[in-house]
Amino acid sequence: MAILLLICGAVAITAVTFAFSRAEHPWLSAVRSAVTGIGALFFINITSSATGCYIAVNSRTVFISTVLSLPGVLALLVMKIIFNY
């Protein structure tokens, strides 16, 4: 199972890197994506008192939200809701 997760992570990072390399301004696109992901994670944690859903802030969740941006945060949210992870 751990090997499968590592393979999925490597594929995701490769896809993100490829997408940023195709952009006109790759560094600016990467920074915008990272800010969007961190902002979404912050927003979910700020509204946790109203929604009851909180995503712990640790090195893994910050890495996922920074590299995968909004889709990564949504994946964390789905895992939290469905699997109570």
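Within any chain, residue numbers begin from 1 and follow the written order of that chain's sequence. A pLDDT threshold of at least 70 governs which residues receive local features in this predicted model, and a stricter bar of 80 or more applies before side-chain atom pairs are shown or counted, although totals over entire chains, interfaces and linings include all residues. Side-chain calculation: all heavy atoms of the structure are included, whereas hydrogens and water are not.

1. Things to note about the overall build of the protein
Reasoning step 1: Numbering of helices and strands starts at the N terminus; helices are DSSP runs of H or I of at least 4 residues and strands are runs of E of at least 2. Tallying secondary structure elements over the protein gives five helices and zero strands in all.
Reasoning step 2: Counted from the first residue to the last, the protein has its helices and strands arranged as α-α-α-α-α.
Reasoning step 3: For the protein, the C-alpha atoms occupy an extent of roughly 40 × 30 × 20 Å along the three principal directions.
Reasoning step 4: Looking at the protein as a whole, 21% of its 85 residues qualify as buried.
Reasoning step 5: Partitioning the contacts of the protein with sequence separation of at least 6, the portion at a separation of at least 24 is 55%.
Reasoning step 6: When the accessible surface of the protein is totalled, it reaches about 6,300 Å², and 75% of it is carbon and sulfur. The buried label goes to any residue with under 20% of its type's maximum accessible area, the exposed label to any with over 50%, and the partly exposed label to all in between, with areas taken from a 1.4 Å probe on protein chains only. In this analysis, two residues are considered to be in contact whenever any of their non-hydrogen atoms come within 4.5 Å of each other. The Shrake-Rupley method, run with a 1.4 Å probe sphere, supplies the accessible areas, and residue values consider only the shown protein chains as cover.

2. Looking at unusual backbone geometry
Reasoning step 1: The phi dihedral of Ser69 is positive, around 60 degrees, even though this residue is not glycine.
Reasoning step 2: One can find Ser69 in helix H5 (residues 69-83).

3. Structural notes on the packing of helix H4 (residues 59-67) against H5
Reasoning step 1: For helices, the axis comes from a line fit to the C-alpha atoms of the stretch in contact; other axes are also lines fit to C-alpha atoms, and the angle between any two N-to-C directions lies between 0 and 180 degrees. Between H4 and H5, whose axes approach to 5 Å, the crossing angle comes to 140 degrees. Taken together, the axes of H4 and H5 lie oblique to each other. Every residue of H5 that contacts H4 at Thr61, Ile64, Ser65, Thr66 and Val67 is listed here: Ser69, Gly72, Val73 and Leu76. Put simply, angles under 35 degrees are roughly parallel, angles over 145 are roughly antiparallel, angles from 65 to 115 are roughly perpendicular, and the rest are oblique.

4. Focus on the nonpolar core
Reasoning step 1: Joining through side-chain atoms within 4.5 Å is the link that ties buried Ala, Val, Leu, Ile, Met, Phe, Trp, Tyr and Cys residues into a set, and such a set is a nonpolar core. Ala40, Leu41, Ile44, Cys53, Ile55, Val73, Leu76 and Leu77 together form the largest nonpolar core, which totals eight residues.
Reasoning step 2: For this core, the elements supplying multiple residues, two or more each, are helix H2 (26-46) and H5.

5. Some thoughts on the side chain of Thr61
Reasoning step 1: Within the secondary structure, Thr61 is located in helix H4.
Reasoning step 2: According to the relative accessible area criterion, Thr61 is buried, its value standing at 9%.
Reasoning step 3: Whenever a nitrogen or oxygen atom comes within 3.5 Å of another N or O atom, the pair is scored as a polar contact, on the condition that within protein one atom can donate a hydrogen and the other can accept it, and that pairs from neighbouring residues in sequence are kept only if both atoms are in side chains. A distance of 2.8 Å separates a polar atom in the side chain of Thr61 from the backbone oxygen of Ala56.

6. Section: the packing of H2 against H4
Reasoning step 1: Where H2 contacts H4, the axes come no closer than 6 Å and their chain directions differ by 135 degrees. By the criterion of interaxial angle, the relationship of H2 to H4 is oblique. Here H2 contributes Ser33, Ala34, Gly37, Ile38 and Leu41 to the contact with H4, which in turn contributes Thr61, Val62, Ser65 and Thr66.
Reasoning step 2: Any residue outside Ala, Val, Leu, Ile, Met, Phe, Trp, Tyr, Cys, Pro, Asp, Glu, Lys and Arg is labelled polar, Gly included; the first ten of those are nonpolar and the last four are charged. Considered class by class, the residues forming the contact of H2 with H4 number four nonpolar, five polar and no charged.

7. Considerations on H4
Reasoning step 1: Between a side-chain oxygen at the N-terminus of H4 and the backbone nitrogen of Arg60 the separation is 3.1 Å; the capping residue is Asn58.
Reasoning step 2: Looking one or two residues past H4, Ser69 carries a phi angle of roughly 60 degrees, positive in sign.

Read these as spatial facts, not as claims about activity.
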